[in-house]
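Reading the structure
What follows is the residue order along each chain.
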Amino acid sequence: MAEDDAIILSELSDDDLVPQMHDDLYDGLKDEIEEGVHILLGRGWTPYDVLTQALVAGMKVVGDDFRDGILFVPEVLLAANAMKGGMAILKPLLAETGAPRVGKLVIGTVKGDIHDIGKNLVAMMMEGAGFEVVDLGINNAVEKYLDALEREGADILGMSALLTTTMPYMKVVIDTLKARGKRDDSIVLVGGAPLNEEFGRAIGADAYCRDAAVTVETARTLMARRHNRLAAAT
Ligand code: B1M
């Protein structure tokens, strides 16, 4: 539309630019999202604030309208693609904290589930917090998780599920770890929109993580406990 075309993002104040970015995310406008991210960073915003306030908050609207049947899969895919464009700019900045390596995380979305935006966000934030991250991508069967944990000697297993139909698969992975006597070798963290603390406890995870920031905090706390336990045992 001619009127929309006339909007010059760099001329908007922060208070106008952020809602405009929510609209652009909704419309799947990747170039505009990338431009908006650069503008906010240029104005001194931290990468974390750009991520949470401009991108994640915008994606919430997309999610609500998808739920309510206002948006459909093709539109949501475009929005996801725009979101990923913005995230790609922020990723190296979030990882640039220079923090010493504090642990190694293997993370992936469970079998049958192809949602990866939240999982990617968690991976980015964990990298930024100094964790080494091995990202297994989407649709992971139990053997892929177990092979990766062993191969990488990881401290933490992270699993993501966005569907009520795929979240029970997390229990399959944890039960297999138990059956093979490997459950105590790593910390298991789970996350995804349909999960909650009760579910995390019921399937035997060490913790349910509501969002990426909580994942970082939880991983730090549980890693510190693990170090103390190992130190006490030697
Ligand atoms: Co899907 N989808 N989707 N979808 N999709 C949901 C999840 C849904 C809630 C939409 C709705 O109805 N409101 C609904 C699930 C309903 C349910 O199960 N109860 C749904 C559905 C039904 C489906 C399909 C079945 C639709 C269809 O085909 N008819 C289909 C399933 C495909 C499959 O997986 N087999 C499908 C497909 C898709 C797209 C491909 C179009 C696209 C995915 C693109 C992609 O990921 N590359 C998509 C999207 C984008 C969504 C919504 C709109 C947004 C998800 C998202 O990216 N959120 C979503 C609606 C919603 O969640 N409100 C929806 C933003 C992201 C930052 O948040 O993923 O929650 P989130 O991650 C957070 C936390 O949850 C947490 O931290 C993250 C960052 O703060 N977290 C973790 C997540 N993983 C973690 C792992 C951890 C820790 C924390 O490990 C330690």
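What counts as what
- Residues numbered from 1 in each chain as written.
- Predicted model: local features only at pLDDT ≥ 70, side-chain atom pairs only at ≥ 80, totals over all residues.
- Heavy atoms only, no water.
- Helix = DSSP H or I, 4+ residues; strand = E, 2+ residues; numbered from the N terminus.
- Rg over C-alpha atoms; globule rule 2.2 N^0.38 Å.
- Buried < 20%, exposed > 50% of the residue type's maximum accessible area, 1.4 Å probe, protein only.
- Contact = heavy atoms within 4.5 Å.
- Areas by Shrake-Rupley, 256 points an atom, 1.4 Å probe, with all protein chains shown as cover.
- Donors = N, O, S within 2.8 Å, 3.2 Å for Na, K, Ca; no water.
- Expected span 1.5 Å × (residues − 1).
- Axes fitted to C-alpha atoms, helices over the stretch in contact; angles between N-to-C directions.
- Parallel < 35°, antiparallel > 145°, perpendicular 65-115°, else oblique.
- Nonpolar A, V, L, I, M, F, W, Y, C, P; charged D, E, K, R; others polar.
- Patch = residues over 30% accessible without salt bridge, like charges linked within 9 Å, V, L, I, M, F, W, Y side chains within 5 Å.
- Salt bridge = Lys/Arg side-chain N within 4 Å of Asp/Glu carboxyl O.
- Polar contact = N/O pair within 3.5 Å; in protein donor to acceptor, adjacent residues only side chain to side chain.
- Pairing = 2+ DSSP bridges.

**A look at the overall build of the protein chain**
When you go through the protein chain residue by residue, the secondary structure sums to 10 helices and 5 strands. Computed over the C-alpha atoms, the radius of gyration of the protein chain is 19 Å, within 12% of the 17 Å expected from 2.2 N^0.38 for a compact globule of 234 residues. For the C-alpha atoms alone, the extent of the protein chain along its principal axes is close to 65 × 40 × 30 Å. Residue burial in the protein chain is summarised as follows: out of 234 residues, 46% are buried. A separation threshold of at least 6 residues defines the contact pool for the protein chain, and within that pool the share at least 24 residues apart is 71%. With an accessible surface of roughly 11,900 Å², the protein chain has 55% of that area assigned to carbon and sulfur atoms.

**Details of the coordination of the cobalt atom of the ligand**
Protein coordination of the cobalt atom of the ligand rests on one atom only, H115 (NE2), at 2.1 Å. Along the chain, H115 falls in the loop between β1 (103-109) and α6 (117-128).

**Quick notes on helix α5 (residues 73-95)**
Between its first and last C-alpha atoms α5 spans 31 Å; for 23 residues at 1.5 Å apiece the expected length is 33 Å, and the two agree. Buried within α5 we find V76, A79, A80, A82, M83, G85, G86, M87, I89, L90 and L94.

**Examining the packing of helix α4 (residues 47-67) against α5**
Closest axis-to-axis distance for the α4/α5 pair is 10 Å, and the angle between their directions is 170 degrees. The angle between α4 and α5 falls in the class roughly antiparallel. Contacts between α4 and α5 involve P47, Y48, V50, L51, L55, V56, M59, V62 and F66 from the former and V73, V76, A79, A80, M83, G86, M87, L90, L93 and L94 from the latter. Considered class by class, the residues forming the contact of α4 with α5 number 18 nonpolar, 1 polar and no charged.

**What to know about a nonpolar patch on the surface**
Residues F66, V73 and L77 make up a contiguous nonpolar surface patch of roughly 290 Å² in combined accessible area. Looking at where V73 falls in the secondary structure, it is placed in helix α5.

**Examining the side chain of T176**
Take T176: it is sitting in helix α8 (residues 169-179). A polar contact is formed between the side chain of T176 and the backbone oxygen of V172, at a distance of 2.6 Å. Sequence-distant contacts of T176, defined by excluding residues within four places in its chain, comprise V142 and L146.

**Some thoughts on the pairing of strand β3 (residues 156-160)**
The buried count for β3 comes to 5 of 5 residues, which makes it a mostly enclosed element. Residues I156, G158 and S160 line one face of β3 and the alternating positions L157 and M159 line the opposite face, and both faces are buried. The sheet contact formed by β1 and β3 spans 5 bridges and is parallel. Each bridged residue has a counterpart across the sheet, and for V106 the counterpart in β3 is L157. When β3 meets strand β4 (residues 187-191), the two strands line up parallel, connected through 5 bridges. Bridge pairing links M159 to V190 in β4.

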